[in-house]
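Chain and residue survey
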Amino acid sequence: MTSDELIARQRKGYSLEQDFYCSEEIFQQDIKRVISQKWLLVDHVSRIPEKGDYFLFEIANESIIIIRQNENTINGFFNVCRHRGSLICLQPEGNKKLLSCPYHAWTYGLDGALRQPPLMPADFDKSKFGLQKCHIKVCYGLIFVCLSNDSPPEFDKEYEEFAEVLDFHGLKDAKIAVKRDYPTAANWKLVVENFIECYHCAAAHPEYTHVHPKDQLLAMGAGPGSGPPDALKKYQATWDAWKEKAETLGHPTPEVIRDEASIDMAQLARLPINDRNFEAETKDGKRACNILMGQFNECDHGETAIQFNPIGYILASNDVAMMVRFTPRDATNTDVQFTWLVDGNAKETIDYDPDNVAWLWDVTTKQDKIIIENNFSGILSSRYRPGPYSTQEARVSTFIKWYLKELDNKPAL
Ligand code: FES
Ligand SMILES: [Fe+2]
């Protein structure tokens, strides 16, 4: 069945047909039509502080070298030699003075320009064989790339409403406290679906439900728009009262919720962690880092939830900001990476303990990995049939509509 036929027969309000989760052909279309057309959150600038520091961002068939050229410039290059196509960087991260291909030693500068290779014909024009650039954007210390061969989507305008909060959290002056990977044997859409609903929270996540109260989890446990409208209505007074307090401290409380018609389903909200004055998402509610980030002088007991698109998020309390990255590798595997940021002046052991910083989402993501992989295994069965969503899976339903709309686009790549 073609993707057009599959899209046409998809039942509204139901999980996707099996092929959307398993087919390699659909996966390739996901990458071309959906993923490659977005700005993807890949990491934080503090991962590559020195000239020549680099890491690889690997997604589907692409390997992108993210490398620091100098203090002010970070470049993104496709990790493909312009001679006969070998990978150039083989290690996932490191430092390079020059980018030298391991096959026949064609060598490129940190700006991607080719140095003169030996024994090429006299009319060889090296200026035409620089590394292929990948669109890159550095914003408040966050590094984004876009794989598209065409112009990337507008960034500044798209995320204009996020600027105040990203700035307030001091992300550009942050540093990586801890980074953890949770490779998940499932299609990327199942990872997204799991992250944007809290229908499973009560049964699966005792730690998460310890930190967050029931009424909040029901109303918006996976962000605004994830719960039933009547639950949000009940919770609204608590949320509004907290917002008022945060605003008296001078803290921003903007709200963005974009639906399936948008290009990225972006959202932004600030809300209280709970009604027990928790300062952070820790076991005892005490902050995980002694130094508050950015412009938070006094703790507002809140958290910030940002969705740039369905595969890139920031969740931040006043002391720690967590980057969440879901990276499709093939139809059946997704790299899940969490990176916790703290203030750039914070010192490990003295100001924070990485295990404490990572505690809640580390335990929660390990639980989710199992759930998602079980979900995928079940979907592979000959007896899998799409099933109906509950009212607490509203954001998943929106995601499915968004995904089908995006897949129906046929941009040139
Ligand atoms: S393929 Fe890179 S130098 Fe030949
Ligand atoms: Fe979960």
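Some remarks on the state of the cysteines
Per the counting criterion, the structure on display carries one disulfide. Across the disulfide from Cys198 sits Cys201; the S-S distance is 1.9 Å. Judged by the sign of its S-S torsion, about -105 degrees, the bond between Cys198 and Cys201 is left-handed. Across the pair, exposure class does not vary: Cys198 and Cys201 are buried alike. Summary of cysteine pairing: Cys89 is not part of a disulfide, and the nearest cysteine sulfur, belonging to Cys101, is at 9.9 Å.

A few points about unusual backbone geometry
With a phi angle near 50 degrees, Ala60 is a residue other than glycine that sits in the positive phi range. On the secondary structure map, Ala60 appears in the loop between strand S2 (53-59) and strand S3 (62-68). For Ala60, a relative accessible area of 14% puts it in the buried group.

A look at the domain arrangement of the protein
Domain annotation of the protein identifies domain 1 (40-146) and domain 2 (160-408). Just the C-alpha atoms count here: the centres of domain 1 and domain 2 sit 32 Å apart. Listed per partner, the contact involves 15 residues of domain 1 and 24 residues of domain 2. With both sides pooled, the region where domain 1 packs onto domain 2 buries about 1,600 Å², and carbon together with sulfur makes up 67% of that total. Of all residues in domain 1, the largest losses of buried area upon contact with domain 2 belong to Leu41, His44 and Tyr140, amounting jointly to 39% of the total for that side. Among the secondary structure elements, those contributing two or more residues to the side of domain 1 that touches domain 2 are strand S1 (40-44), S2 and strand S9 (142-146). In terms of residue count, the dominant contributor to the side of domain 1 that touches domain 2 is S1 (five residues). Taken together, the residues of the side of domain 1 that touches domain 2 break down into nine nonpolar, three polar and three charged.

Description of the coordination of the iron ion (ligand 2)
For the iron ion (ligand 2), the full set of protein donor atoms is His200 (NE2), His205 (NE2), Asp368 (OD) and Asp368 (OD), and the range of their distances to it is 2.1 to 2.4 Å. Of note is the iron ion (ligand 2), whose four donor atoms meet at the metal with angles of 57 to 149 degrees in an arrangement that counts as irregular. All donors of the iron ion (ligand 2) belong to a single chain; written as a sequence motif, their spacing is H-x4-H-x162-D. Of this pair, His200 sits in the loop between helix H5 (188-195) and helix H6 (201-204) while Asp368 sits in helix H10 (residues 354-379), and the two are 168 residues apart along the sequence. Here His200 matches Asp368 in class, with each residue buried.

A few points about the nonpolar core
The biggest cluster of nonpolar side chains holds 79 residues, and the ones touching the most others in it are Trp340 and Tyr403. Both domains that meet at this core, namely domain 1 (40-146) and domain 2 (160-408), each give it at least three residues. Residue contacts for Tyr403: discarding those within four places in its chain leaves Leu16, Phe20, Ile26, Asp30, Val34, Trp188 and Lys189. By size, the runner-up hydrophobic cluster in this structure holds 24 residues, among which are Phe144, Phe162, Ile306 and Phe308.

Notes on the sheet that holds strand S10 (residues 174-181)
Either a parallel or an antiparallel arrangement is found when strands of a sheet pair, and the pairing is made through backbone hydrogen bonds. Reading across the sheet, the seven strands line up as S10-S16-S15-S14-S13-S12-S11 and stay open at both edges, with antiparallel pairing between neighbours. Single-partner strands in this sheet number two, and they are S10 and strand S11 (256-257). Sheet topology places strand S15 (residues 321-330) next to strand S16 (residues 333-343); nine bridges connect them, and they run antiparallel. For Met322, the partnering residue across the bridge sits in S16 and is Trp340. This element, H5, spans strand S14 (312-316), S15 and S16 of the sheet and lies at about 150 degrees to S15.

A short note on the packing of H5 against H10
Where H5 meets H10, the closest approach of the two axes is 10 Å, and the angle between their N-to-C directions is 130 degrees. The angle between the axes of H5 and H10 places the two elements in the oblique class. Remark: the crossing between H5 and H10 carries right-handed chirality. Note on element contacts: H10 touches H5 through Trp361, Asp368, Ile371, Ile372, Asn375, Phe376 and Ile379, opposite Leu190, Val191, Asn194 and Phe195. Its residues placed into classes, the contact of H5 with H10 shows eight nonpolar, two polar and one charged.

Some remarks on the sheet that holds S2
The strand order across the open sheet built from four strands is S4-S3-S2-S5, with neighbouring strands paired in antiparallel fashion. The strands lining the two open edges of the sheet, one partner per strand, are strand S4 (74-78) and strand S5 (93-95). Each strand axis lies, on average, 25 degrees off the axis of its neighbour in the sheet, ignoring direction. One ladder, built from five bridges, connects S3 with S4; its direction is antiparallel. By the bridge assignment, Ile64 is partnered in S4 with Phe78.

Quick look at the environment of Ala394
Structurally, Ala394 is set in helix H11 (residues 394-408). Residues Ala394 and Pro224, spaced 170 residues apart in sequence, show a C-alpha to C-alpha distance of 9.8 Å. Once residues within four sequence positions are removed from consideration, Ala394 is found in contact with Gly225, Ser226 and Gly227.

A short note on the environment of Ala203
By the element assignment, Ala203 lies in helix H6. Relative accessible area serves as the criterion here: at 76%, Ala203 is assigned to the exposed category. Distance from Ala203 to Phe296, taken between C-alpha atoms, is 34 Å for residues 93 residues apart in sequence.

About the criteria used
- Residues numbered from 1 in each chain as written.
- Chains lettered and ligands numbered in written order.
- Predicted model: local features only at pLDDT ≥ 70, side-chain atom pairs only at ≥ 80, totals over all residues.
- Heavy atoms only, no water.
- Disulfide = S-S within 2.5 Å.
- Buried < 20%, exposed > 50% of the residue type's maximum accessible area, 1.4 Å probe, protein only.
- Helix = DSSP H or I, 4+ residues; strand = E, 2+ residues; numbered from the N terminus.
- Domains from an automatic or database assignment.
- Contact = heavy atoms within 4.5 Å.
- Buried area = accessible area lost by both parts, 1.4 Å probe.
- Nonpolar A, V, L, I, M, F, W, Y, C, P; charged D, E, K, R; others polar.
- Donors = N, O, S within 2.8 Å, 3.2 Å for Na, K, Ca; no water.
- Tetrahedral: all angles 85-135°; square planar, octahedral: opposite > 155°, others 65-115°.
- Core = buried A, V, L, I, M, F, W, Y, C linked by side-chain atoms within 4.5 Å.
- Pairing = 2+ DSSP bridges.
- Axes fitted to C-alpha atoms, helices over the stretch in contact; angles between N-to-C directions.
- Parallel < 35°, antiparallel > 145°, perpendicular 65-115°, else oblique.
- Left-handed = near helix turned anticlockwise from the far one by under 90°.

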